[in-house]
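# Per-entry structural report
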Amino acid sequence: MKALRAFWSWLREVSGDDAYERYLAHHAAAHPDRAPLGRREFFNWRQATAWAKVKRCC
Amino acid sequence: MAEWGKRIFWLGVAALGALAFGGIATARGEPINAWWLIAAAVCVYAIGFRVYGAWVATRVLLVDGRPTPAVRINDGRDFVPTNRWVVFGHHFAAIAGPGPLVGPTLAAQFGYLPGTLWILIGAVLGGCIQDMVILFCSTRRDGRSLGQMARDELGPVGGGAALVGTLMILVILISVLGLIIVNAMKHSPWATATVAATIPIAVLVGVYMRSIRPGRVLEGSAIGVALLLLAVWGGGWVDQHPTLRTWFDHGPLPIAYAIMVYGFAAAVLPVWLLLAPRDYLSTFMKLGTVALLAVAIIWLNPVLHMPALTPFVDGSGPIFAGKVFPFVFITIACGAISGFHALVSSGTTPKLLTDERDVHMIGYGSMMLESFVALMALIAACVLEPGVFFAINTAPGVVGEGAQAVATISSWGFPVALEQMQELARQMGEATLFGRTGGAPSLAVGMASIFSSAFGQGMLAVWYHFAIMFEAIFILTTLDAGTRVGRFMLQDFLGNFVPALGRTSWYPSVLLCSALVVGAWGYFLYIGVIDPAGGVNILWPLFGISNQILAAIALCVGTAILVKTGRERYFWVTGLPLAWLTAVTSTAAWQKVMSDDPRLGFFAGANDLAAKLAGGVLPPEKAAVAPQLIFNMRLDGWLTVLFVGLLWLILADTGRVCLRHWRRSSAAVPAGGRA
């Protein structure tokens, strides 16, 4: 059960499923004075920046 | 006592590895099974990782616990300290592409032994070391890219060579991958319908993740994967339908044009619509299927029907020309050592590392796993009867069609019957399997027979098209991501001369640069399709040479950094693989340019065809395309010269930098003063 939970949280993190929660945590710690991006804006921004460099190989 | 236990364990691993290697190398005449290869591989990887990899990390690179860029900068965007297993997953998903599946399949024409040896030895001493050293160097330099490091450490010449090399390899890679899926889809309504369905499925997933449930990656991917499996089944239904099947039944040229249009669209459209969702699907599909293949092979332990060595080691091979040295080392690039990995190991992964000591597990370990994938592909190819393997992988221009092909292949000592091929094609749900060159279809046949034996008989056609879909989806992902990256690189480069062209969101520049990139690979794809000898014969060696030269550039950067940072005693860690790659690529390039054999040498091939054309001995359909083929072979010859020129230029630059450093350090430190 513990292993399954660890796998699930690994899968969420590696696929980027929990990226917004992580961003909120980081934002609250680093910039508590500013409002964070909304879920949709964050996801759009994240996708746009991820694909401007070599991300996949042969 | 624990120390003794450990020693005995590692002695056991070494003994088992030696035994397995001995068994593989001395088995002649009687077929061996897959466990021998897997046992040898696991032992070689264990020792390579635990002994050599760990030694290089701790004694040569001197990894320590200093804060990584992710920890120091931690901007929540690019630099994010991330769990090591998550970084491992990201890194492995990034480096594992179609290369390690295709290369070993083609190299099986030499038998299983040369490919196996090179995959194992090349990975532990070359590929893993390259990936780890570049990952380490980039981590120590705030995640700088390979091109930037080449410029910083070697100078503008090295930096320029790395940029040109990267762009060229992208173009060649995309064209050869495109050719491979064209060969899987030509006149196959089932495969074409299934692959075509992946595009609307990706768009649907993209819309879901952007608008319906923003950022829910796993939900979207689960829906997409379910739809993909449905598309495999749906393709079979289309294939049975009398009118629908004609919509998806096309010759190679229309499919090639469709792929070019697709590549252009993916480079120009917003990423959320097509590229990103397709990548999620392809990553899940890829990792899932590779894991399934590994489980099936280990469980089933299939017998390898391919001999250890075939007569084609002398250079007479039908799939591609050239002797086992140097061409097995060119054909299997990814899986043993791949220059492309240096692009991911620098720039992206270093910005996520939480602990520098993890370069060993992530850099060395991921490449080891990739090498294991290559070994799986080799096993899947060697499980086929050799006669069947050659019938699928040899172009009609080389062995003729149907009965003629069967007679020719049988005459080589690899018996195959026409009825056998027809029955196999019927089982796989295809009209014919003859001349489906490029490796993907024969891999799919191998995978289908393994999967159906392991997970249920009678589903061969579904498994075959599942395997085709699995290969096509991530070949297309490499194709569209590569076209987009090529567009960015070209814009960046042209921006040096015309600043407006460097603006990545200015539409005229976007359209122009995307069209230039698609035009470049589209040209090679077109030539590959019209070439009666199959095109793979020309394109794959060219791709291998360019990928190995990129690896050599990365190793040059690594060697220069080792020397400049006081690790010159250990320069051979990257210097030895560099020397080997230099020998291999230079020999291969020399033969491709200078050989008198028209199948091997580009210029000899062009001259031979020109003489035949002038003599009027070509049949009309060949004469029609001959001028284009002649031009292309000459172009490929000059490209090869350019690649090798780049390599030697950067080698000379590395030598200059290292010598200068040695001279300075010996002048600064009196004799005997340096330990």
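None of these values were measured; they are calculated from a predicted model.

### Remarks on the overall build of chain A
- In terms of helices and strands, chain A carries three helices and zero strands.
- Order of helices (α) and strands (β) in chain A, N terminus to C terminus: α-α-α.
- The C-alpha radius of gyration of chain A comes to 14 Å, more than 25% above the 10 Å expected for a compact globule of 58 residues.
- With the C-alpha coordinates of chain A rotated into their principal frame, the extents come out at 40 × 35 × 20 Å.
- The buried share of chain A, reckoned over its 58 residues, is 21%.

### Let's talk about the overall build of chain B
- Helix and strand counts for chain B come out as 27 helices and zero strands.
- Relative to the globule expectation of 26 Å for 675 residues, the C-alpha radius of gyration of chain B, 25 Å, shows essentially globular dimensions.
- When the backbone C-alpha atoms are referred to their principal axes, chain B occupies close to 80 × 60 × 60 Å.
- Per-residue burial over chain B gives 56% buried out of 675 residues.
- For chain B, the proportion of contacts with a sequence separation of at least 24, taken over those separated by at least 6, is 81%.

### A look at the environment of Asp78(B)
- The residue Asp78(B) is located in the loop between helix H3 (69-73) and helix H4 (84-95) in this model.
- Look at Asp78(B) and you get partly exposed, because 16 C-beta atoms sit within 10 Å.

### With respect to the interface of chain B and chain A
- Opposite the 38 residues of chain B that make contact, chain A presents 27 residues.
- Of all the elements in the fold, those that place two or more residues in the side of chain B that touches chain A are H4, helix H10 (217-240), helix H13 (275-300), helix H15 (341-345) and helix H22 (460-494) of chain B.
- Among the residues forming the side of chain B that touches chain A, the class breakdown is 20 nonpolar, 15 polar and three charged.

### Digging into the nonpolar core
- In this structure, Ile379(B) and Ile553(B) are the most contacted members of the largest nonpolar core, which totals 242 residues.
- What Ile553(B) contacts, discounting residues up to four positions off in sequence, is Ala150(B), Ala161(B), Ala162(B), Gly165(B), Gly339(B) and Ile650(B).

### As for helix H14 (residues 324-331) of chain B
All names here are of chain B.
- The buried count for H14 comes to seven of eight residues, which makes it a mostly enclosed element.
- Where H14 is concerned, the buried positions are Val324, Pro326, Phe327, Val328, Phe329, Ile330 and Thr331.
- Summarising the contacts, the buried residues of H14 are in contact with helix H5 (99-107), helix H6 (112-140), helix H24 (536-564) and helix H25 (572-594).

### Thoughts on helix H17 (residues 386-393) of chain B
Residue and element names in this part refer to chain B.
- A large share of H17 lies buried, amounting to eight of its eight residues.
- For H17, the set of buried residues is Pro386, Gly387, Val388, Phe389, Phe390, Ala391, Ile392 and Asn393.
- Buried residues belonging to H17 abut helix H16 (359-383), helix H19 (402-411), helix H20 (418-427) and helix H21 (440-455).

### Quick notes on the environment of Arg22(A)
- Relative to the helices and strands, Arg22(A) is located in helix H2 (residues 19-30).
- Considering only alpha carbons, one finds Arg22(A) and Ala3(A), 19 residues apart in sequence, at a separation of 22 Å.

### So, the confidence of the model for chain A
- On average, chain A scores 88 in pLDDT, and the residues at 70 or more come to 100%.
- Of all the helices and strands in chain A, helix H3 (residues 39-50) of chain A carries the lowest mean pLDDT, 86, while helix H1 (residues 2-15) of chain A carries the highest, 94.

### Some remarks on the packing of H13(B) against H21(B)
Residue and element names in this part refer to chain B.
- Orientation of H13 relative to H21, taken along the N-to-C sense of each, is 65°, at an axis distance of 10 Å. Classified by the angle between their axes, H13 and H21 sit roughly perpendicular to one another. By crossing handedness, the relation of H13 to H21 is classed as left-handed. Along its contact with H13, which presents Leu293, Ala296, Ile297, Trp299 and Leu300, the element H21 presents Met447, Ile450, Phe451, Ser453 and Ala454.
- Split by residue class, the contact of H13 with H21 holds nine nonpolar, one polar and no charged.

### Describing the environment of Ser282(B)
Residue and element names in this part refer to chain B.
- The residue Ser282 is located in helix H13 in this model.
- Owing to 26 C-beta atoms within 10 Å, Ser282 belongs among the buried residues under this scheme.
- Considered as a pair, Ser282 and Thr585 are 303 residues apart in the sequence and their alpha carbons are 32 Å apart.

### Quick word on unusual backbone geometry
Residue and element names in this part refer to chain B.
- The amide bond that connects Phe325 to the next residue, Pro326, takes the cis arrangement and shows omega of 5°.
- Of note, Pro326 is situated in helix H14.
- In the Ramachandran plot, His187 falls in the positive-phi region, its phi being about 50° despite a non-glycine side chain.
- Tracing the backbone through its elements, the reader meets His187 in the loop between helix H8 (156-185) and helix H9 (189-212).
- The class of His187 is partly exposed, set by 16 C-beta atoms lying within 10 Å.
- Even without being glycine, Asn301 reaches a positive phi, approximately 50°.
- Mapped onto the fold, Asn301 is located in the loop between H13 and H14.

### A few points about the confidence of the model for chain B
All names here are of chain B.
- Per-residue confidence for chain B gives a mean pLDDT of 92, with 99% of residues at or over 70.
- Predicted confidence for residues 671-675 stays below pLDDT 50, and this span has one contact to residues more than four positions away or in other chains.
- This prediction of the complex comes with two scores: 0.94 for pTM and 0.94 for ipTM.

Conventions we followed
Residue numbers here run from 1 along each chain, matching the order of that chain's written sequence. As they are written, the chains are lettered A onward and the ligands numbered 1 onward, keeping that order. Whole-chain, interface and lining totals are the exception, using all residues; otherwise, since this is a predicted model, local features are given only for residues with pLDDT of at least 70 and side-chain atom pairs are given and counted only at 80 or more. Each helix corresponds to a stretch of at least 4 residues labelled H or I by DSSP, and each strand to a stretch of at least 2 residues labelled E; elements are numbered beginning at the N terminus. The globule rule used for comparison is 2.2 Å times the number of residues to the exponent 0.38, while the radius of gyration itself is calculated over C-alpha atoms. Exposure is read from a count of other C-beta atoms within 10 Å of each residue's own; the residue is exposed at 12 or fewer, buried at 20 or more and partly exposed in between. C-beta atoms are placed from the backbone. Once C-beta atoms have been placed from the backbone, residue pairs whose C-beta atoms lie within 7 Å are recorded as contacts. Gly falls in the polar group here, along with every residue not listed as nonpolar (Ala, Val, Leu, Ile, Met, Phe, Trp, Tyr, Cys, Pro) or charged (Asp, Glu, Lys, Arg). For the purposes of this analysis, a nonpolar core is taken to be any set of buried Ala, Val, Leu, Ile, Met, Phe, Trp, Tyr and Cys residues that are connected through C-beta atoms within 7 Å. Per-residue confidence from the predictor is given as pLDDT, running between 0 and 100. Fitted lines through C-alpha atoms give the axes, limited to the stretch in contact for helices. The angle between two N-to-C directions lies from 0 to 180 degrees. For classification purposes, an angle smaller than 35 degrees is called roughly parallel, one larger than 145 roughly antiparallel, one from 65 to 115 roughly perpendicular, and anything else oblique. The hand of a helix crossing depends on one turn: near helix anticlockwise from the far one by less than a right angle means left-handed, and clockwise means right-handed.

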